[in-house]
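For reference, the chains in residue letters:
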Amino acid sequence: MDNCIFCRIVNGELPAAKVYEDEHVLAFLDISQVTKGHTLVIPKVHTENVFTLTSDVAGRLFSVVPAIANALKHAFSPVGLNVLNNNGEQAGQTVFHYHLHLIPRYGKGDGFG
Ligand code: 5GP
Ligand code: ZN
């Protein structure tokens, strides 16, 4: 998708602070982090949201989430971590390329929630 920001990051047309990459999945820091280490995990293939996501793509994506979560835990020493996903404009989705938010948590006053 030419006009998709996340496809352009996958293609290397736009920069991103990469946290993890394999053949099918890319993780990078959110440009507007709600807490330190806020990371987005995306499939490299364009798919809009959970309603279009295939089981294969979901499987490859979710299979690496524990490793990415543990990398964030190691790097930032949070006390917890939210895994969130918005699907559809009314649900808060603003970029229409499927993504998970991994949001490290640091306790009360960490600025999120
Ligand atoms: P959504 O609201 O769709 O669940 O989340 C989209 C996320 O993408 C937001 O947290 C926003 O800050 C992030 N974002 C939007 N544009 C860019 C970008 O160009 N680079 C990066 N790294 N994150 C982006
Ligand atoms: Zn895309």
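Residues numbered from 1 in each chain as written. Chains lettered and ligands numbered in written order. Predicted model: local features only at pLDDT ≥ 70, side-chain atom pairs only at ≥ 80, totals over all residues.

- An unreviewed UniProt entry lists the chain under the name Protein hit, with Geobacillus subterraneus given as the organism.

## Notes on the sheet that holds strand S3 (residues 39–43)
Move 1: With antiparallel pairing, five strands are arranged side by side in an open sheet as S1-S2-S3-S5-S4. Both outer strands of the open sheet, strand S1 (18–21) and strand S4 (80–84), are each paired with one neighbouring strand and no more. Between one strand axis and the next, the sheet turns by 20° as a mean value, whatever way the strands run.
Move 2: Pairing analysis gives five bridges linking S4 to strand S5 (residues 100–105), with the strands arranged antiparallel. Looking across to S5, one finds that Gly 80 is bridged to Arg 105.
Move 3: On top of the sheet, helix H2 (residues 55–63) reaches strand S2 (25–29) and S3; it is set at about 145° to S3, its chief contact.
Move 4: Sitting on the sheet, helix H3 (residues 65–76) touches S1, S2, S3, S4 and S5, and the angle it makes with S5 is about 30°. (Pairing = 2+ DSSP bridges. Helix = DSSP H or I, 4+ residues; strand = E, 2+ residues; numbered from the N terminus. Axes fitted to C-alpha atoms, helices over the stretch in contact; angles between N-to-C directions. Contact = placed C-beta atoms within 7 Å.)

## Let's talk about the nonpolar core
What tends to happen in soluble globular proteins is that the nonpolar side chains get buried as a cluster.
Move 1: Membership of the largest hydrophobic core comes to 16 residues, with the highest contact counts inside it found for Leu 26, Ala 27, Val 41 and Ile 42.
Move 2: When residues of this core are assigned to their parent elements, the largest contribution, four residues, is made by S2.
Move 3: With residues near it in sequence (within four places) discarded, Val 41 still touches Val 25, Ala 27, Leu 61, Val 65, Ile 68, His 99, Leu 100 and Leu 102. (Core = buried A, V, L, I, M, F, W, Y, C linked by C-beta atoms within 7 Å. Buried ≥ 20, exposed ≤ 12 C-beta atoms within 10 Å, placed from the backbone.)

## Here's the deal with H3
Move 1: Over its twelve residues, H3 extends 16 Å from the first C-alpha to the last, a length consistent with the 16 Å expected when each residue adds 1.5 Å.
Move 2: Among the residues trailing H3, Ser 77 stands out with phi positive, at a value near 50°. (Expected span 1.5 Å × (residues − 1).)

## A few points about the environment of His 46
Move 1: As for its placement among the helices and strands, His 46 is situated in the loop between S3 and H2.
Move 2: Remark: the alpha-carbon pair of His 46 and Met 1, spanning 45 residues in sequence, is separated by 6.9 Å.
Move 3: Look past the residues within four positions of His 46 in its chain and what remains in contact with it is Met 1, Cys 4, Cys 7 and His 97.

## Let's talk about the site of ligand 1
Move 1: Around ligand 1, 13 residues are found, and the nearest of them are Ile 31, Ser 32, Asn 86, Thr 94 and Val 95.
Move 2: Among the residues making up the shell around ligand 1, the classes are represented as seven nonpolar, five polar and one charged. (Near = placed C-beta within 6 Å. Nonpolar A, V, L, I, M, F, W, Y, C, P; charged D, E, K, R; others polar.)

## A closer look at unusual backbone geometry
Excluding glycine, residues mostly have negative phi values, and the peptide bonds linking residues are mostly trans.
Move 1: Of note in this structure, Ser 77 is not a glycine but carries a positive phi near 50°.
Move 2: Along the chain, the position of Ser 77 falls in the loop between H3 and S4.

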